[in-house]
Amino acid sequence: MVKKEAKKVPESLQKLRSRIAANEAARTEAKVQAEQYRVAAAQEALERSEKHLKDYVASQVLNQDNQQTANENRDFWVEPEPKVILAIRIKGINRCPPKVRSILKLFRLIQLHSAVLIKNNKATKNMLKLVEPWITYGYPSRETIQKLVYKRGYLKLNKNRIPLYDNAQIEKELGKFKIVCAEDVVTELATCGPHFKEVNNLLWRFKLSSPKGGFSHKRTSYIQGGDWGNREKKINNLVLRML
Amino acid sequence: MADTPVITVYDAQSSGEVKESVALPAVFTAPIRLDIVRFVHDNLNKNHRQPYAVSLWAGHQHSAESWGTGRAVSRIPRVSGSGTGRAAQGAFGNMCRSGRMFAPTKIWRRWHRRVNIKQKRHAVASAIAATGVPSLVMARGHQIENVNEVPLVLDGIEKVERTKELLDILTKYGAKDDLERVEKSVHLRAGKGKYRNRRYTLKKGPLIIYEDKNCALRRAYRNIPGVDAVSVHELNILKLAPGGTLGRFVIWSAAAFKALDNIFGTYSTPGVEKKGYTLQRHMMTQADVSAIAKSDAVQGVLRPIKIDEDEHHPKKQNPYRSKRAMEKLNPFFKLKKRFEILKNRRGH
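Residues numbered from 1 in each chain as written. Chains lettered and ligands numbered in written order. Predicted model: local features only at pLDDT ≥ 70, side-chain atom pairs only at ≥ 80, totals over all residues. Heavy atoms only, no water.

(A) How the structure looks around the layout of surface pockets. All names here are of chain A. Of the volumes computed, that of the second largest pocket is approximately 900 Å³. Taken together, 24 residues make up the lining of the second largest pocket; nearest its centre are Tyr56, Gln60, Asn63, Glu79 and Ala190. Looking at the lining of the second largest pocket, the elements that each hand over two or more residues are helix H1 (11-72), helix H4 (142-152) and helix H6 (182-190). A class-by-class count of the residues in the lining of the second largest pocket yields nine nonpolar, eight polar and seven charged. (1 Å grid on protein atoms, 1.4 Å probe; cavity = no way out; pocket = protein on both sides within 12 Å on 5 of 7 lines; lining within 4 Å. Points joined across faces, edges and corners; volume = space filled by probe spheres on them. Helix = DSSP H or I, 4+ residues; strand = E, 2+ residues; numbered from the N terminus. Nonpolar A, V, L, I, M, F, W, Y, C, P; charged D, E, K, R; others polar.)

Pasting the structure below:
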């Protein structure tokens, strides 16, 4: 009678199996941790978003109140100059003068219908003046910025254009500035917060479509009935058509 | 290395009786360099060519001259003379009928190739090493399923005088399958060699390597189709790796096998017969890459596989169209929408 021995498993195979099992265990553990973290982060994002909305509504209400008070007292109240400008390139790349070309490159407006957010200060105002016939710009509302970030938001990660699909991405890059969700990003951009530069730079330039309903005519300025240059609050209407 | 591998020497006259055990000669552990073998084989294979060429004067045995221009004919040299149809016909050119060919072949074409001695020796060493690897021998096509051991070393095979005896020995040691394979492979040669005294082709069978240049074996193997025999002192890459393919089925005589260390040397001593020849060193001392990868030394310093999330991002979904996408970016949006709906309802 032949005694049936257990089949001998080679040592290297045993080691391989134990290694694989250990890796699997570590991975499931990591998954559980990640899930817990995700739930906590979602709650945090919810609370933050609510706060941002409240702040925004409060600031709008304040403006309205100020305006009303001024009207009642036959006084003047001027809204503070907007801190953020949205610029959209409306003229193509051919026959672009070198100075204009380099300024547009600095603004990241290299492609037609690309849009970027720019801080409003003396330096940028002067730059915009030089490239006015090539762009249209104005003062975006919070809602416009929100729509841009959500629908056309891509991140510059490791020099690649990666879609913004999860708050985890934002937390990874901007967590050190206490910016952890999309609403934080929108607020920072809309109110030109202390980390506007970092947030703006993390975002790839917004690549918009051509406007539904078209431009008026690109050859003259907005003031003259055309399209280029400063169109202040009306930029929001245009962006909605290009989104 | 603790123990060198050992090869059993069988007694040729008996059937499977073990005569002695011999340590494996160092040549069998030489690196198997197919590139060197191919190169050497391709070049040395050219050395038994016979020159061919057209006649030196073919197409030029005329006093043809061009008629020049102005006679409404092409300027090709034309055959002189008259009274025959051949006169005035074009001559000499490769395009002319009966003209000389383009670039007539010459006998002083470089027919033969020389190869560096060291390369030749490395090639032979590689080829011998390959004959010791059963998978290579089988891959080359030899039927060695019933052969006891590879390399096959037989003592007393050199004394064999009769073809019948040799055939007997080969059968006893499992070479019959290979010989049958050769017999079945006899075919008419394709091409003109058929009527140039090379009528039939056949596959290569076993190669017997003997030591004594005057042994009786030299006549015994001749009439067995496919079998070659070669002295160990005159090993030939064309016989060891026919067609440049490594792994011929080799049957060693004991004397030849034992002489290998003297001829090729070992890794510690240079060869005597091949004066000053040292075997090639291996490119890798441990060639089993999967063993290296699985070893503790390597696995101990590896980190677990990291999936780079940046490279595996999903396609962008518009959060204003996809609730799932919005949930990931703004969990509050759902609530806000809800409030608005409720407010509108209350308003109405």
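(B) Molecular detail of the interface of chain B and chain A. On the side of chain A, 25 residues touch chain B, which itself brings 19 residues to the contact. Applying the counting rule to chain B against chain A returns eleven residue pairs in polar contact (both at pLDDT 80 or more). Those elements that place two or more of their residues in the side of chain B that touches chain A are helix H10 (296-299), helix H11 (323-329) and helix H12 (332-347) of chain B. (Contact = heavy atoms within 4.5 Å. Polar contact = N/O pair within 3.5 Å; in protein donor to acceptor, adjacent residues only side chain to side chain.)

(C) Focus on the sheet that holds strand S2 (residues 114-119) of chain A. Residue and element names in this part refer to chain A. Read across the open sheet, the five strands follow the order S6-S2-S1-S3-S7; overall the sheet is mixed. Only two strands of the sheet have a single partner each, and these edge strands are strand S6 (206-207) and strand S7 (229-230). When strand S3 (residues 135-138) meets S7, the two strands line up parallel, connected through two bridges. Among the inter-strand pairings, Thr136 is bridged to a residue of S7, identified as Gly229. (Pairing = 2+ DSSP bridges.)

(D) Fine view of the packing of aromatic side chains. Tallied over the entire structure, the rule returns eight aromatic pairs over all chains. Residues B:Phe28 and B:Trp252 carry aromatic rings whose centres are separated by 5.6 Å and whose planes lie at 65° to one another, so their mutual orientation is edge-to-face. Pair noted here: B:Phe28 is in the loop between strand S2 (18-23) and helix H1 (34-44) and B:Trp252 is in strand S10 (residues 250-253), with a separation of 224 residues, a long-range link. B:Trp252 matches B:Phe28 in its accessibility class, with the two residues each being buried. In textbook terms, an aromatic cluster arises when at least three aromatic residues are bridged by ring pairs, as seen for A:Tyr150, B:Tyr320 and B:Phe333. The side chain of A:Arg142 reaches across the aromatic face of A:Tyr56, ending 5.7 Å from its centre. Taking NZ or CZ as reference, A:Arg161 lies 3.7 Å from the ring centre of A:Tyr154, over its face. (Phe/Tyr/Trp six-rings, centres within 6.5 Å; stacked < 30°, edge-to-face > 60°. Buried < 20%, exposed > 50% of the residue type's maximum accessible area, 1.4 Å probe, protein only. Lys NZ or Arg CZ within 6 Å of the ring centre and 35° of its normal.)

(E) Region of interest: the sheet that holds strand S8 (residues 207-210) of chain B. Residues and elements named next belong to chain B. Strand order in this open sheet of six strands is S2-S1-S5-S10-S8-S9, and the pairing throughout is mixed. Edge positions in the sheet fall to S2 and strand S9 (228-231), since each of these pairs with one other strand and no more. Here the strands of the sheet are splayed against their neighbours by 30° on average, with no regard to which way each runs. Pairing of S8 with S9, which is carried by four bridges, proceeds in the parallel orientation. Bridged to Tyr210 within S9 is Ser231. Against the sheet, helix H8 (residues 254-264) touches strand S1 (6-11), S2, strand S5 (152-155), S8 and S10, its axis set at about 90° to S10. (Axes fitted to C-alpha atoms, helices over the stretch in contact; angles between N-to-C directions.)

(F) Local environment of unusual backbone geometry. Residues B:Val150 and B:Pro151 are joined by a peptide bond in cis, for which omega reads 5°. In this fold, B:Pro151 is placed in the loop between helix H3 (134-140) and S5. One non-glycine residue, A:Arg108, lies in the positive phi region at around 70°. With relative accessibility at 24%, the residue A:Arg108 sits in the partly exposed group.

(G) Broad picture of the confidence of the model for chain B. Chain-level statistics for chain B give a pLDDT mean of 93 and a share of 97% at 70 or above. Quick note on the complex model: pTM equals 0.62, ipTM equals 0.86. (pLDDT = per-residue confidence, 0-100.)

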